[in-house]
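Close look at the chain arrangement
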Amino acid sequence: MIIKNTSAVVIAVLMAAILWLDSITHLGLTVGVLYAPVVLFTIQVRRVGFTLAVTLVAALLVLLGAWFSPPVVEGYPQEFAWLNRIMSIAAILVTGWLAVVRVRATQALTDSHKALVDARQTLSDQRHLLEVAASAGGLGGWSVDLQTGVVSWSDEVARIHGKAPGYNPASLDEAFSYYAESEQAYLRSTVQRTLSTKEPFNVESCIVLSDGQTVWVHASGRAAMNADGDVVKIEGALQDITARKIAEQASRVSLQRFQQLAESMPITVWTAAENGDIEYVTPLFFEYANVAHRRLEKDQWQHYVHPDDMPFVLEVWQRALQTGEPYEVEMRLRRADGEYRWHLARAVRVRDQVDGTLKWFGSLTEVHEQRRVAQQARDLATRLFNTLESITDAFFTVDTEWNFTYLNGQAEKLLKRDRDELIGRNIWVEFAPARGTTFEVEYRRAMKTGQPVVFEQFYPPLETWFQVHAYPSQEGLAVYFQDMTSSHNALAHLRLLETAVSRLNDVVIITEAEPINDPGPRIVYVNDAFVRRTGYSREEVIGKSPRILQGSGTSRAELDRIRQAIQNWRPVRAELLNYTKAGDEYWIEIDIVPMADDTGWYTHWVAVERDISERKLLEDRVRHLQRMDAIGQLTGGVAHDFNNLLTVMVGNAELLVESLDDRPELSTSAKMIAQAGSKGAELTKRLLAFARRQPLEPRALNVSRVVTDMQSLLIRTLGEHIELEFVMGAGLWSAMADPSQLEDALLNLAINARDAMMSGGRLTIETGNVWFSSDYAREHPDLSPGQYVMIAVSDTGCGIPPENMKRLFEPFFTTKPRGQGTGLGLPMIFGFLKQSGGHMTVYSEPGQGTTVKMYLPRTTEQWVEPIAAEVESTRGGGQTILLVEDDHLVREYARSQLLGLGYNVVCAEDGKRALDILRSDARCDLLFTDVVMPGGLSGRQLADQARLLRPGLKVLYTSGYTENAIVHHGRLDAGVLLLNKPYRRVELAEKVWQALSEPTGQEP
């Protein structure tokens, strides 16, 4: 483009220069011929129009130069001057013609070259597209050279045959071998016919690949001839049409299914071409109209349309054909019996997925009955209007814009407005005070959600409570409402009463009156207290019987008494054990009364239940305490007398054993008497421990030290088949307890564990610090909250059956074989812990083992390791002992033992006689007195009065049962020395010596 523009500029400059030269040259000189080379130069621009324009301009400039040129030289013929001009113009024209010819030739050559390049590009593109099309469409070429027999396949043909690109069969026979044997003869004859007739062929067949896969192909071919007209080659194309065959098969199946579906439908289905010609109609129409030959000719369907409907039907059908819009019209069609019945014709135009043509798919549905029903609906609407006018409910409707569309007479009455002035008016304008209230909120919610709403609301301008039912629809809102002012007031009182009942702490249950027999009357109401106490929700119990609260522990006798009362419609009060949803027990005191309606007929039962679980628990505890106190009194009385007897028995048996060492036959009997006495003493001791009446001597203990000091004893007790393990807690607190009683408790637990592990096992003793909260202490009234030291004894034995867990602490209850257990081990431990201010728990799983935990109260006193007193001799040195004992046998036994120990003894049978002795001048170094004595003066009272008479008098008490004389809260009073009955001589000697060795002082 730049070159062409430059050439045009050069040409213009040259022509201007020639014109200037011509204008200064005399007329007659051939300056105009110089325009010819310039015209020839226009070839560079390669535009015919430009060349012609320059040629014409040059010719005109030659004539113009003649106008501006000076006159001819004198003597030069004027004719020659113009002849030169004419010849110049001729030369310019000839040059222009030659230039045009050259430009056109050059243009033609350029166009040819461009066309050649374009053709090559197009050929390349077409070849690429052909390859793409061949690959995508499964199309390839083939040829057979008849002279050489060479068969050539394109890559796509090779692929169709399951071969690699570039593969060619060795012969035509090999190519035919890919086809089914039944097809090969036909294909050979087809090729032979083409060779003979030179006419092309087109066949569809299928080939079988080496893997057994079948491929459908379309083969076309033609004969190729030489210059002489002889056939030298046959060539053609091969296309994979498997997909098309599958699609055609699917289309046929789809068409068959469509026709089957259409013919199975209870309506007439039809299709039509794009121009409206009917192509298919289901047999149902032929049966309806009794059409001969079961086929419709063009426009034959119009003969069955009612004449009055035909113009409108054709108008609608033609408009649908022109616009493509869905076709829908109702018409009357003649039935076989001549009756015209209403039908609804519908059709839509869709594009066929197989051939891509537009078709109409339509249906013909009989709506004769629907129209009849519609008429009935109109009649019904009239009746509905009359009904709405006659109902007692007020009723109105509004449209989606909240404008009134209808009000009945009752609505006019309640709203106190005339319907004529409200129809078409906005509800929020006419009833402005309702804006922002529940009326507007609920109405708008119904319209928004499409769900009905029911509510009650007070409308102040009318001073009326309304109950409203609003039903939304596409047309708007239909509202039913009633004046509920009087009933609302009554309901408010009822709700107030219900609220009061629901907030009661007592449970209230209302049931139906019947049935009395199973399954029992159904619950219709329960208050909140019921839900809180039982764990059942209202939904879970409404409709069920209150008997779901009963269980195995519920008294049958009480239930029978209640049943008898309600059968006679009488009120009844009872106490029952009920069960919560979780299975927990609780006691109730229940009052049941019948409710009657206005006719006097009993319709319901009302039950008021009060939870008396705490009262029952308190009663159980009181009974338990009373029982324990009775047992204690009984045990104390028995222990007092029994220990006196045992004292004499054990003491004398001990003397017999010592004196009969040289007579083995009698010594054995004496030892048996002593052993029996010891067992009796142990039994009495355990009874007192269980009754929490044994005197304890508690002090600050290092529990871990007590446990580990017993290790050797426990190992001997358990035996080699049981492994013993200690787990001592770090930072263990000191505990307050009687060490000897604690050791007895541990030994008892170890023996029980041993007996539970007959085949061996592991016994673990663990210590630790524990803090009991107030909540836990409230569940165990005899336990105080605070800090405790825990001792846990765990075994891997057989465990305790659940039915025995509640009886563990009953005296004399044992599961051991007769003669192997007294049943006082755990009760004794339990009594010792409770008397010490402690606690005890037992956890057991049958087959897994048992864990017993003892809790002793923590003390802030420091543990001091006891130092054994060095006693040079326990024999007396002539000291005088005043012996006060009411039991003659015990008094004589003690006197003889004391005399034998080297003491002087003065005896008194009661406190009064002892005081008389003390008032005398008789010597007395020690008062040795029984605690419990008749005559109204106890041992403690005697000691107090004796110290008034003789200050600094040393006192030693002895008793088999102390009551509260010298023991308070289970502990010996400070400074008190006690010798428990029964006692042996060595114990008597040690205690008397200890009493005499105590520094003189007053007991606190």
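Positions within a chain are numbered from 1, following the residues in the order the chain's sequence is written. Local features in this predicted model are restricted to residues whose pLDDT is 70 or higher, and side-chain atom pairs enter the listing and the counts only when it is 80 or higher, whereas totals over whole chains, interfaces and linings include all residues. Computation of side-chain values: all heavy atoms of the structure, hydrogens and water removed.

As recorded in an unreviewed UniProt entry, the protein chain goes by histidine kinase and comes from Neopusillimonas maritima. UniProt positions are given in the numbering used here, feature names are shortened, and annotations may be inferred rather than shown by experiment. The Catalytic activity (unreviewed entry) field of the UniProt record for the protein chain holds the comment "ATP + protein L-histidine = ADP + protein N-phospho-L-histidine."

This paragraph deals with the sheet that holds strand E29 (residues 904–908). Pairing between strands is defined by DSSP: at least two bridges between them are needed. By the criteria applied, helices consist of DSSP H or I runs no shorter than four residues and strands consist of E runs no shorter than two, each listed in order from the N terminus. Taking strand neighbours across the sheet as the criterion, the five strands line up as E29-E28-E30-E31-E34 in an open arrangement whose pairing is parallel. The open sheet has two free edges, formed respectively by E29 and strand E34 (978–980), since each of these has just one partner strand. Shown here is a sheet whose adjacent strand axes are inclined to one another by a mean of 20°, direction ignored. By the bridge criterion, four bridges tie strand E28 (residues 880–884) to strand E30 (residues 926–930) in an arrangement that is parallel. Its bridge partner lying in E30, Leu882 is registered against Leu927. Interaxial angle, 0 to 180 degrees, is taken between N-to-C directions of lines fitted to C-alpha atoms, where a helix line uses only the stretch in contact.

Strand order in the open sheet formed by five strands is E12-E11-E15-E14-E13, and the pairing between neighbours is antiparallel. Sheet topology places strand E12 (404–407) and strand E13 (453–459) at the edges, where each strand pairs with a single neighbour. Ignoring which end each strand starts from, the neighbouring axes of this sheet average 25° apart. Of the pairings in the sheet, the one linking E13 to strand E14 (residues 464–473) comprises seven bridges and is antiparallel in character. The partner of Phe458 across the bridge, within E14, is Trp465. Whether two residues touch is decided by their heavy atoms; if any such pair falls within 4.5 Å, the residues are in contact. Contacts between helix H11 (residues 368–390) and the sheet are confined to strand E11 (394–399), E12 and strand E15 (476–483), with E12 contributing the most and set at about 70° to the helix.

Looking now at the UniProt feature "modified residue: 4-aspartylphosphate" (unreviewed entry) in the protein chain. Sequence positions flagged by UniProt for "modified residue: 4-aspartylphosphate" (unreviewed entry) are, in local numbering, Asp930. As for its position among the elements, Asp930 is in strand E30.

With that settled, consider the nonpolar core. By nonpolar core we mean a set of buried residues, namely Ala, Val, Leu, Ile, Met, Phe, Trp, Tyr and Cys, connected to one another through side-chain atoms within 4.5 Å. Under the scheme applied here, a residue whose accessible area is under 20% of the maximum for its type counts as buried, over 50% as exposed, and between as partly exposed, the area being computed with a 1.4 Å probe on protein chains only. Ranked by size, the top nonpolar core spans 35 residues in total, and within it Leu742, Leu763, Ile791, Ile829, Met840 and Met854 carry the most contacts. Excluding residues that lie within four positions of it along the chain, Ile791 makes contacts with Val703, Leu742, Leu746, Ile765, Glu766, Thr767, Val852, Lys853, Met854 and Leu856. By size, the runner-up hydrophobic cluster in this structure holds 27 residues, among which are Phe404, Trp428, Ala446 and Phe466.

Ring geometry is summarised as follows: Phe, Tyr and Trp rings, the Trp one being its six-membered ring, pair when their centres sit within 6.5 Å, and such pairs are stacked at plane angles under 30 degrees, edge-to-face over 60 and tilted between the two. Inspection of every chain in the model, using the stated rule, returns 27 aromatic pairs. Taking the centre distance of 6.5 Å and the plane angle of 65° together, the rings of Phe431 and Tyr459 count as edge-to-face. Within this pair, whereas Phe431 is found in the loop between helix H14 (427–430) and helix H15 (438–449), its partner Tyr459 is found in strand E13, the two being separated by 28 residues in sequence. Exposure remark for Phe431: the relative accessible area of 10% places this residue in the buried category. Judged by its relative accessible area of 7%, Tyr459 is buried. Consider the rings of Phe458 and Trp465, whose centres lie 5.6 Å apart with planes at 50°: the pair is tilted. The class of Trp465 is partly exposed, set by a relative accessible area of 23%. The ring of Tyr167 carries Lys163 above its face, with NZ or CZ at 5.3 Å from the centroid. Two thresholds decide whether a charge sits over a ring: the Lys NZ or Arg CZ must be within 6 Å of the ring centre and within 35 degrees of the ring normal.

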